[in-house]
Amino acid sequence: MTSKVEPGQWLGVLGGGQLGRMFAQAAQSLGYRVAVYEPAEHCPAGDVADHHFAAAYDNWEQLSAFCERCAAVTVEFENVPPQALEFVAERTRLAPNASAFATARSRRNEKTLFTSLGVDPVPWRYTESPSDIRDAYAELGPDVVLKTNEFGYDGKGQWRIASIDSLENAVSAIGNTPCVMEKRIDLDREFSVVLARADNGDVATFDVVENVHVSGILHTSTVPSCADEAQQDRLVGAARAIAESLDYVGVMAVEFFVAKDGRVYTNEMAPRPHNSGHYTMNGCRSSQFEQQARALAGLPLGSAELHSPTVMINLLGDAWSPVLPLKRLLSQPGVNVHLYGKADAKPGRKMGHINVTAPSAEKVGRLAEYSIEVLGVGATHQG
């Protein structure tokens, strides 16, 4: 078991986005000093950190100084270069471990793991060439999604293929880029499970979350979800099995699809706190970011109990038209606004989120609908 990192010592995070920012704030509230390693000179996490190493991930001198300062290090996004993760792991405690990131970085590795654990993804095939793409389409078509094997998020690096013409357009765009092709299902609901796992094997699992995506980007997350008891048990069991198989330490999210015929598919995992877990900041005894800091420091995990029905609403750059209507939002009890300190509001860019809490699911639904109406950004429900 890893020894405890005492308050007053330094915890580190690789990556400077909003997840690193909220981790830093949670760790600081527990008495830790936080160092952020992020190449960009200005970033959400660097703005609140006690120290910001603004250097490239292959600047070994700076990365060594970062490791020397930090008693333990975590990561806020999957695409930190593997060489940098290995370098850090050789010099200080890294949690989660590098193998978890190697799995999550590659859709092929991820889906292979899910299949081996019996928590099956949708039918899929791996492709490396135009002929592979055509062969996979012949097997999985006529309605599929082609996704780059690496570096895809928020709907990026994806192509919907529903005809021979769209197939050939995708082939022309992708060429020999490694991809996975997934059969599209008749989707009913999307859920996720966020959990924290300590180095002694203890697990704290948050409530199953119901998610709604718009244009590939998470729009709302709602708890309690509409998942029945059997579905909840299956989803939580799958997420715990994935964490156990990776000897995982830290916060992890696993996303699931439920088809209209009732079949459940494991979509993907995130080896870090997740957008769909932001509701925990106001709806739970401990937030996902506090859990991340506790697990990294070797402290006991906090309670994952939901104390209030909650809806999380993503705030994208689209909502800044011309400015965010903070006065109308914050005039309502139960509306909590979390902004990430980003200067430029661009369409599709995550600028912050709102957590709406209320004593009942009915009341939180009404308050969420009001907030969405004020923002002018869509609805809370699918279908």
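Residues numbered from 1 in each chain as written. Predicted model: local features only at pLDDT ≥ 70, side-chain atom pairs only at ≥ 80, totals over all residues. Heavy atoms only, no water.

## Considerations on the pattern of salt bridges
To be explicit about the condition: In the sections that follow, a salt bridge refers to a side-chain nitrogen of Lys or Arg positioned within 4 Å of a carboxyl oxygen of Asp or Glu. Each helix corresponds to a stretch of at least 4 residues labelled H or I by DSSP, and each strand to a stretch of at least 2 residues labelled E; elements are numbered beginning at the N terminus. Note on classification: 1.4 Å probe, protein chains only; a residue is buried when its accessible area is under 20% of the maximum for its type, exposed when over 50%, partly exposed between these limits.
Applying the stated criterion across every chain yields a total of 19 salt bridges. R93 is the salt-bridge partner of D199, the closest N and O atoms lying 3.9 Å from each other. In this pair, D199 is assigned in the loop between β10 (187–197) and β11 (203–205) and R93 in strand β5 (residues 93–94), connecting sequence segments 106 residues apart. A salt bridge links R366 to E362, with the shortest nitrogen-to-oxygen separation between them at 3.1 Å. You can see R366 and its partner E362 sitting in helix α13 (residues 361–375), four residues apart, about one turn around the helix. Judged by its relative accessible area of 59%, E362 falls in the exposed class. Through salt bridges that share partners, K111, K147 and E182 make up one connected network.

## Topic: helix α6 (residues 107–117)
Rules: Working definition: the arc comes from the directions between the helix axis and the C-beta atoms, pointing outward to the latter.
When α6 is considered as a whole, its buried residues turn out to be R107, E110, K111, L113 and F114. Within α6, the buried residues cover an arc of 155 degrees as seen down the axis, which keeps them to one side.

## Things to note about the layout of surface pockets
One way to see where empty space is left: roll a probe the size of a water molecule over the atoms. Definition in use: The method works on a 1 Å grid over the protein atoms by themselves. A cavity is a set of points holding a 1.4 Å probe that cannot get out, a pocket is an open set with protein on both sides within 12 Å along at least five of seven lines, and residues with an atom within 4 Å of a point line them. Grid points are joined across faces, edges and corners, and a volume is the space filled by probe spheres set on the points. We call Asp, Glu, Lys and Arg charged. Ala, Val, Leu, Ile, Met, Phe, Trp, Tyr, Cys and Pro are nonpolar, and the rest, Gly among them, are polar.
In this structure, the second largest pocket encloses a volume near 180 Å³. Lining the second largest pocket are V214, S215, I217, L218, H219, N314, L316, D318, A319 and V377. Tallying contributions element by element places strand β13 (residues 217–223) first for the lining of the second largest pocket, with three residues. Of the residues assigned to the lining of the second largest pocket, the class counts are six nonpolar, three polar and one charged.

## Remarks on the sheet that holds strand β7 (residues 144–148)
Using the following cut-off: One requirement defines pairing of two strands: DSSP has to find at least two bridges between them. Lines fitted to C-alpha atoms define the axes here, with helix axes fitted over just the stretch in contact, and angles between the N-to-C directions of these axes take values from 0 to 180 degrees.
Strand order in this open sheet of four strands is β6-β9-β7-β8, and the pairing throughout is antiparallel. Only two strands of the sheet have a single neighbouring strand rather than two, namely β6 (124–127) and β8 (158–161). Taken over all neighbouring pairs, the strand axes of this sheet differ in orientation by 20 degrees on average, direction set aside. With four bridges joining them, β6 and strand β9 (residues 179–183) adopt antiparallel strand pairing. Of the residues in β9, the one forming a bridge with W124 is E182.

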